[in-house]
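Chain residues, written in single-letter form:
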Protein chains: 2
Amino acid sequence: MPITLYDLAGANPDLRFSPYCWRTRLALHHKGLDFEAVPHCFTGREQIAKSGQSKVPVIVDDGHWVHDSWKIALYLDETYPDLPLLFPDAAARAQAKFINSWCDWSLLPNTRTLVVPEVIKVIAEADKAYFRSSREKALGMPLEQVGADKAAAMKSFVQGLKPAEATLDDQDFLHGAKPGYGDMALFGTLMWPVTLCPSDPIDRQSAVGKWFERMLALSPWVAKAPTVRSLAGAA
Amino acid sequence: MPITLYDLAGANPDLRFSPYCWRTRLALHHKGLDFEAVPHCFTGREQIAKSGQSKVPVIVDDGHWVHDSWKIALYLDETYPDLPLLFPDAAARAQAKFINSWCDWSLLPNTRTLVVPEVIKVIAEADKAYFRSSREKALGMPLEQVGADKAAAMKSFVQGLKPAEATLDDQDFLHGAKPGYGDMALFGTLMWPVTLCPSDPIDRQSAVGKWFERMLALSPWVAKAPTVRSLAGAA
């Protein structure tokens, strides 16, 4: 039986944009596990109630509920040690943990003003009141003001990426010669702006941009995921 | 012949506070190399002219000049491969490179408002005009305004440390069970606020604070380095 992944989706259920759910999608692909990515809405909490909390990603594996992208990654290696490992050794896990934490606590806050104003455009009508009130509370201003200065929002995003830019100037992947879970964490995080921004947010000539292309080449299925740009072009 | 390290110093030559020079001090200690840390002032550039640039740390090893803490670390491993390695393997180097870049491009900018107003208090009179004009240009405001809101400056510092805090909640060192050069990079970076702030800037009950104590226990000589607090107590 395939694993079920509850995956944040827009009003168009094919639009998947959560930076955390993307990490889990990449992890499941890396393991080669069969899974179904079921669309989840912000207001559809009863769908994941059995996980004991209210946020995706959540997976259900043979009746076992696991939430939180980091914990899911650990679970997958523990449960399927014979499939390709996300953390081949303790050093790789330690390294991934720091990069994952950096994505959560530094890069995402620096990306927020760029992407939050785009999220409300794509989510289901039923989700909009919740999204607006929770984000306005967190950001301390009306959504219309968040990212109103587009140049400042882009500057914050590019500045936020600097640690990766400086690292990738010198090596092919954050983990070195080969990608590790830390690379998946950054790749998944960047799928948030990549999926939702009206123009490509990543400078493909930068070190991060070239790394992003290398990651896409290793996971060509990612390039087929709908974005607001591909959906607008298809409409 | 001992290696010469040109090390940024205050008007009191015993006060050493550069976050980059500290990384090199820690690296030289880790290698077990004999070195002399010669005090250097911002306006003493002719002292390091042979390095071909104007910033410390600079080392001179048997007539060979090397600058930039990261390049010095690579040089030390390359030149002294039989002494304890800073980068025992490619994975450790890749991991350290990211943490080092994070210190430079994320943590230091988040620490600046806390520490820059303290720097001008301790440097030599001759350095003050240069320091003021360069920092006011970089920060876009008079030094008296930088960090005037002490609570905001401390909040930015604590927020900047969050990726390390989240990582160290779960593991003893950034590199895992044992410290690596990434741990030295963070430890050295934190010696900037630790040396210069009028009160201890690190919450010793936090995960970072407990890690800092573990690092101190491994390098007890660091605790003997003068700080503005120890110098005020001794005066």
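Just so it is clear, the structure is predicted and the values come from calculations on it, not from any experiment.

Our next topic: the environment of Trp102(A). Of note, Trp102(A) is situated in helix 3 (residues 90–122). The sequence separation of Trp102(A) and Ala223(A) amounts to 121 residues, and the corresponding C-alpha distance is 25 Å. With residues up to four places along the chain from it excluded, the contact list for Trp102(A) reads Leu107(A), Gly160(A), Leu161(A), Pro163(A), Ala164(A), Leu186(A), Phe98(B), Trp102(B) and Pro163(B).

For the rest of this paragraph, the subject is the interface of chain B and chain A. Tallying the contact residues gives 23 residues for chain B and 23 residues for chain A. With both sides pooled, the region where chain B packs onto chain A buries about 2,000 Å², and carbon together with sulfur makes up 63% of that total. Linking chain B with chain A are 3 salt bridges. The salt bridge involving Lys97(B) is made with Asp170(A); its shortest N-O contact spans 4.0 Å. The interface formed by chain B and chain A holds 5 residue pairs in polar contact (both at pLDDT 80 or more) in total.

All names here are of chain A. Taken in spatial order, the 4 strands make up an open sheet running 2-1-3-4, and their pairing is mixed. Strand pairing shows two members of the sheet lacking a second neighbour, strand 2 (35–40) and strand 4 (64–67), which therefore form its edges. Strand-to-strand twist in this sheet, taken as the mean axis angle between neighbours without regard to direction, amounts to 20°. Two strands pair when backbone bridges link them, and strand 1 (residues 3–8) and strand 3 (residues 58–61) are joined in this way by 3 bridges, in the antiparallel orientation. Opposite Leu5, over in strand 3, you have Ile59 as the bridge partner. Here helix 1 (residues 19–31) sits on the sheet in contact with strand 1, strand 2 and strand 3, set at roughly 150° to strand 1.

Bringing the pattern of salt bridges into the picture now. For the structure on display, the rule yields 25 salt bridges over all chains. Between Arg204(A) and Glu213(A) there is a salt bridge, with its nearest N and O atoms 2.8 Å apart. Under the relative-accessibility criterion, Glu213(A) is labelled partly exposed at 37%. For Arg25(B), the salt bridge is made with Asp7(B), and the minimal N-O distance between the two is 2.6 Å.

On to the relation of the copies chain B and chain A, then. For the pair chain B and chain A, the superposition axis carries a translation of 0.0 Å, the fit reaches an RMSD of 0.0 Å, and the rotation angle comes to 180°. Both chain copies can therefore be described as sitting about a two-fold axis. When C-alpha positions in chain B are compared against the rotation axis, the closest is assigned to Gln95(B), at 2.9 Å. The residues that chain B uses at the interface reappear at the interface of chain A in 100% of cases, marking a shared surface.

All names here are of chain A. The assigned domain composition of chain A is domain 1 (3–79) and domain 2 (90–224). When each unit is reduced to the centre of its C-alpha atoms, the spacing between domain 1 and domain 2 is 18 Å. Taken together, the contact pairs 23 residues of domain 1 with 28 residues of domain 2. Both sides of the domain 1 and domain 2 interface together cover about 2,400 Å² of buried area, and 71% of this is carbon and sulfur. Linking domain 1 with domain 2 are 1 salt bridge, by the criterion used here.

Attention now moves to the packing of aromatic side chains. Tallied over the full model, the rule gives 23 aromatic pairs over all chains. Seen in terms of ring centroids, Phe42(A) and Tyr130(A) are 5.7 Å apart; in terms of plane orientation they differ by 45°. Their pairing is tilted. In this pair, Phe42(A) is assigned in the loop between strand 2 and strand 3 and Tyr130(A) in helix 4 (residues 125–139), connecting sequence segments 88 residues apart. Classification of Phe42(A) as buried rests on a relative accessible area of 13%. Where Trp70(B) meets Tyr181(B), the ring centres are 5.9 Å apart and the plane angle is 65°; that geometry is what we call edge-to-face. Of this pair, Trp70(B) sits in helix 2 (residues 69–79) while Tyr181(B) sits in helix 7 (residues 181–196); the two residues are 111 residues apart in sequence, bridging distant segments of the chain. Judged by relative accessible area, Tyr181(B) falls into the buried class, the value being 0%. Within the aromatic cluster, the residues linked to one another by ring pairs are Phe98(A), Trp102(A), Phe98(B) and Trp102(B). Sitting over the face of the ring of Phe173(A), Arg214(A) holds its NZ or CZ atom 5.8 Å from the ring centroid.

Once that is clear, we can look at the packing of helix 3 of chain A against helix 5 (residues 150–160) of chain A. Residues and elements named next belong to chain A. Interaxial distance between helix 3 and helix 5 falls to 9 Å at its minimum, and their mutual angle equals 160°. It follows from the interaxial angle that helix 3 and helix 5 lie roughly antiparallel. Crossing handedness for the pair helix 3 and helix 5: left-handed. Facing helix 3, whose interface residues are Trp102, Leu107, Asn110, Thr111, Thr113, Leu114 and Glu118, helix 5 presents Lys150, Ala153, Met154, Ser156, Phe157 and Gly160.

Conventions adopted
Residues numbered from 1 in each chain as written. Chains lettered and ligands numbered in written order. Predicted model: local features only at pLDDT ≥ 70, side-chain atom pairs only at ≥ 80, totals over all residues. Heavy atoms only, no water. Helix = DSSP H or I, 4+ residues; strand = E, 2+ residues; numbered from the N terminus. Contact = heavy atoms within 4.5 Å. Buried area = accessible area lost by both parts, 1.4 Å probe. Salt bridge = Lys/Arg side-chain N within 4 Å of Asp/Glu carboxyl O. Polar contact = N/O pair within 3.5 Å; in protein donor to acceptor, adjacent residues only side chain to side chain. Pairing = 2+ DSSP bridges. Axes fitted to C-alpha atoms, helices over the stretch in contact; angles between N-to-C directions. Buried < 20%, exposed > 50% of the residue type's maximum accessible area, 1.4 Å probe, protein only. Least-squares fit on C-alpha atoms with pLDDT ≥ 70 in both. Domains from an automatic or database assignment. Phe/Tyr/Trp six-rings, centres within 6.5 Å; stacked < 30°, edge-to-face > 60°. Lys NZ or Arg CZ within 6 Å of the ring centre and 35° of its normal. Parallel < 35°, antiparallel > 145°, perpendicular 65-115°, else oblique. Left-handed = near helix turned anticlockwise from the far one by under 90°.

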